[in-house]
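An overview of the molecular structure
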Amino acid sequence: MRLLLFTSPNPIKTSSSLYFLNSLRSNLTKRTLPTRRSFIPARMAIPPRSIASAPSCTTTSGRSNINIEEGLASKFWIKFRRESVFAMYTPFVISLASGTLKIDSFRHYISQDSHFLKSFAHAFELAEECADDDEAKLAISELRKGVLEELKMHNSFVQEWGIDPGKEGTINSATVKYTDFLLATASGKVEGVKGLGKLATPFERTKVAAYTLGAMTPCMRLYSFLGKELQAVLDPEEDGHPYKKWIDSYSSESFQASALQTEDLLDKLSVSLTGEELDIIEKLYHQAMKLEIEFFLAQPIAQTTLAPLTKGHNPEEDRLVIFSDFDLTCTVVDSSAILAEIAILTAPKSDVVQPETQIARMSSADLRNTWGLLSGQYTEEYEQCIESIMPSAKVEFNYEALCKALEQLSDFERRANSRVIDSGVLKGLNLEDVKRAGERLILQDGCIGFFQKIVKNENLNTNVHVLSYCWCGDLIRSAFSSGGLDALNIHANELIFEESISTGEIVKKVESPMDKAQAFNDILKNYSSDRKNLTVYIGDSVGDLLCLLQADIGIVVGSSASLRSVGSQYGVSFVPLFPGLVRKQKESDGESPNWKGLSGILYTVSSWSEIHAFILGW
């Protein structure tokens, strides 16, 4: 149980949580209480994308990313930046970053990239012809010179490794698709635009220049992003990384400046465009981002890679079992807050006489006061409990010692749940109200899409289990059912209902870290031994710690301070996922990856997109 309304330090999560609860309050207060009808209209308001699902402005390695301003290019990068991780987690990029990429694969990439850069330079040339003022023409000309310098860098690879781009065979389909799209855009072959030869006014020509920059900007920003990420995982004491020159080039200040200059130019060229024309640029930007990812995916890899995790999955021999927490792992607001708000806002006023046929409930004012006291007591005692289980000094990883410590936290959670039941705050909840709240519950961006992709993939032998402290499994089932995910296995506590009205009692199934660990083990024991299990656990809190460590791969979402402090004191290492994969790729030396639980290592991610990219790929 987590009685805290807002436990996440992430301001984006908090904004979404506030929006959801305010929407909940607004809709509940409009309800005619005596009728016991569903309190939420058919379509609850969903928060704007900028609040609900904007990705964090930090890189996967935890550093600050570009300075986010209100320019068009920055807005597009914020909106589609989460897709950049799909390029970063490709087998090619991970192998390149680790230095294990075979030279033949790099040779092929250089050949394809040289073809692309020539088209990129030509697109700049066409854009320069369309620009209507000298300043813009000069800026485009400088950017084109930068691309030509990139081609010179490729020529240096020819000299260094004997690579001859002109003799590396045919252009692959992904490169052709990308260059055709780029040159078609630069030639004015965009829906609603005349051909270049028919553009009569300077404004029409400038519009084509803006469209062209829209199709080119994501490439520059993505390479800049990848350059910085790969530079961060280089071992400063290692001199022999074969692709350091490539990484240094794209992480250099000069290339970062070129990326910013491209974005600034897109902003300037777009100032006079209509909303419809800006929508076209957004579509071009997104299409270019997807084509760039496909370009990296198309590069042939000769060695075994760690990502995507399911690449070598054989459904006849393998079973992938994915476990996930729910509150603040899948959601942006804790379910206890939702249930409390439903209870408070549907409770009778103090001066209303309740029918004898209904379950007796405390007034909304008394209920709010009671909930406030329970929340305060929980917060205070939780902090005291966490402090009491911490060893005086950091110890080496010891799972047994951690289990013993978390038994105290488990006892605390059970006592807290008993107080909630005894207080009667959950008495009188309408099942339909709960289900409708679940249907409109705001989930983490990318969470539903990941699970949908998992369950719909017929080439995978996969089972998904959700282990949650939530008091009401119906809330979870409704949240996932709204995304067509009825097949997920939900393991949670259950409210007891009589004629769809809660009695306030709870069927206790998963109350504590120990309960989660027991459920985790019981689920695995029930599987037959005819296949090899690979387990992944996704969680965010101390309550998930035992399961995270038992799983072959434990993935931590978010930045829970208590999880990190408890884990660290008991010798657990928290490693950002991408650098961790690069290191493991380097250590595997071409062998099949060995994932094993109880290693004491947990991997951290900033978004569900990283989880998706790692496990499933693009």
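Now for a quick tour of the structure. Not measured: the values here are computed from a predicted model.

1. A short note on the packing of aromatic side chains
Per the counting criterion, the structure on display carries 35 aromatic pairs. On the numbers, 5.7 Å between centres and 45° between planes, the contact of Phe 450 with Trp 608 is tilted. Placement of the pair is Phe 450 in helix α17 (residues 447-456) and Trp 608 in helix α23 (residues 608-615), with a sequence separation of 158 residues. Both residues of the pair, Phe 450 and Trp 608, count as buried. When the ring centre of Tyr 469 is taken as origin, the NZ or CZ atom of Lys 516, which lies over that ring, is 4.8 Å away. Above the ring of Trp 595, the side-chain terminus of Lys 584 is found at 4.8 Å from the ring centroid.

2. Things to note about the side chain of Glu 511
The topology assignment puts Glu 511 in the loop between β5 (501-507) and α19 (513-525). One buried charge, Glu 511, has no salt-bridge partner; the nearest side chain with opposite charge is Lys 508, at 4.3 Å. Reaching out from Glu 511, the side chain makes a polar contact with the side chain of Asn 417 at a distance of 3.0 Å.

3. Brief notes about the sheet that holds strand β3 (residues 489-491)
Pairing in this open sheet of seven strands is parallel, and the strands run β3-β2-β1-β6-β7-β9-β8 from one edge to the other. This sheet does not close on itself; its edge strands, each paired only once, are β3 and β8 (573-576). Across the sheet, the axes of successive neighbouring strands diverge by a mean angle of 25°, strand direction being ignored. Along the sheet, helix α22 (residues 577-588) makes contact with β8 and β9 (601-605), crossing β8 at roughly 90°.

Each value, and the rule that gives it
Residues numbered from 1 in each chain as written. Predicted model: local features only at pLDDT ≥ 70, side-chain atom pairs only at ≥ 80, totals over all residues. Heavy atoms only, no water. Phe/Tyr/Trp six-rings, centres within 6.5 Å; stacked < 30°, edge-to-face > 60°. Helix = DSSP H or I, 4+ residues; strand = E, 2+ residues; numbered from the N terminus. Buried < 20%, exposed > 50% of the residue type's maximum accessible area, 1.4 Å probe, protein only. Lys NZ or Arg CZ within 6 Å of the ring centre and 35° of its normal. Lys, Arg positive; Asp, Glu negative; His and termini not counted. Salt bridge = Lys/Arg side-chain N within 4 Å of Asp/Glu carboxyl O. Polar contact = N/O pair within 3.5 Å; in protein donor to acceptor, adjacent residues only side chain to side chain. Pairing = 2+ DSSP bridges. Axes fitted to C-alpha atoms, helices over the stretch in contact; angles between N-to-C directions. Contact = heavy atoms within 4.5 Å.

Read these as layout, nothing more, since geometry by itself doesn't imply function.
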